[in-house]
Amino acid sequence: MLVCTTAHRYRVCMKRIAYSKAAVRALSRMPANVSALIRSKIMQYATDPTSLANNVKALKGEPGVYRLRVGDWQVLFTEDGAVLAIIKVAPRGAVYE
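These notes cover the structure that comes with them.

Basis of the calculations
- Residues numbered from 1 in each chain as written.
- Predicted model: local features only at pLDDT ≥ 70, side-chain atom pairs only at ≥ 80, totals over all residues.
- Heavy atoms only, no water.
- Pairing = 2+ DSSP bridges.
- Helix = DSSP H or I, 4+ residues; strand = E, 2+ residues; numbered from the N terminus.
- Phe/Tyr/Trp six-rings, centres within 6.5 Å; stacked < 30°, edge-to-face > 60°.
- Buried < 20%, exposed > 50% of the residue type's maximum accessible area, 1.4 Å probe, protein only.
- Lys NZ or Arg CZ within 6 Å of the ring centre and 35° of its normal.
- Contact = heavy atoms within 4.5 Å.

We now examine the pairing of strand β6 (residues 73–80). In the sheet, strand β5 (residues 65–70) pairs with β6 via 6 bridges, with the strands oriented antiparallel. From the neighbouring strand, V65 faces β6, where its bridge partner is T78. With antiparallel pairing between neighbouring strands as the criterion, β5 and β6 make up a hairpin whose turn holds 2 residues, including G71 at a positive phi of roughly 65 degrees. The sheet contact formed by β6 and strand β7 (residues 83–91) spans 8 bridges and is antiparallel. By the bridge assignment, F77 is partnered in β7 with I86. With antiparallel pairing between neighbouring strands as the criterion, β6 and β7 make up a hairpin whose turn holds 2 residues, including G81 at a positive phi of roughly 65 degrees.

Following this line, the structure appears as structure tokens:
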């Protein structure tokens with residue numbers, strides 16, 4: 001289900017975002033400014049995936065799983081139609097463990 005709004009005569013559609021328990025836990029334990037930045041980048045990707053195309057790549061060996069790079073952090077997610085499922089948020093070196 002896409003969430004669509006009309007703002008300034010433009011129609012903006014956004015995918016629904018679903019966070020896993022591990023992702024919510026990681027976001028709640030990090031500094032507030034970093035958490036806000038990561039959430040805003042996730043929201044930006046859900047609204048317009050082409051805006052962050054250079055920071056999103058498919059993972060090798062994990063079909064359907066993508067990573068979004070936000071500074072020194074990685075966000076692992078899947079896209080299922082209109083749902084963006086956030087699997088894990090972790091520092092760049094530890095996200096694949």
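Turning our eyes to something else, we now look at the packing of aromatic side chains. Taken as a whole, this structure holds 2 aromatic pairs when the rule is applied. Consider the rings of Y45 and F77, whose centres lie 5.2 Å apart with planes at 55 degrees: the pair is tilted. On the criterion of sequence distance, the pair formed by Y45 in helix α2 (residues 32–47) and F77 in strand β6 is long-range, its members being 32 residues apart. Residue Y45 shares its accessibility class with F77, and that shared class is buried. Every member of this aromatic cluster is reached through a ring pair, and the members are Y45, Y66 and F77. Looking at R39, its charged tip hangs above the ring of Y19, at a distance of 6.0 Å from the centre.

With that settled, consider the environment of A46. With respect to the helices and strands, the residue A46 is situated in helix α2. By relative accessible area, which is 3% here, A46 ends up buried. Residues A46 and V83, 37 residues apart in the sequence, show an inter-C-alpha distance of 8.7 Å. Each residue touching A46, except ones within four places of it in the same chain, is listed here: C13, M14, K15, I17 and L84.

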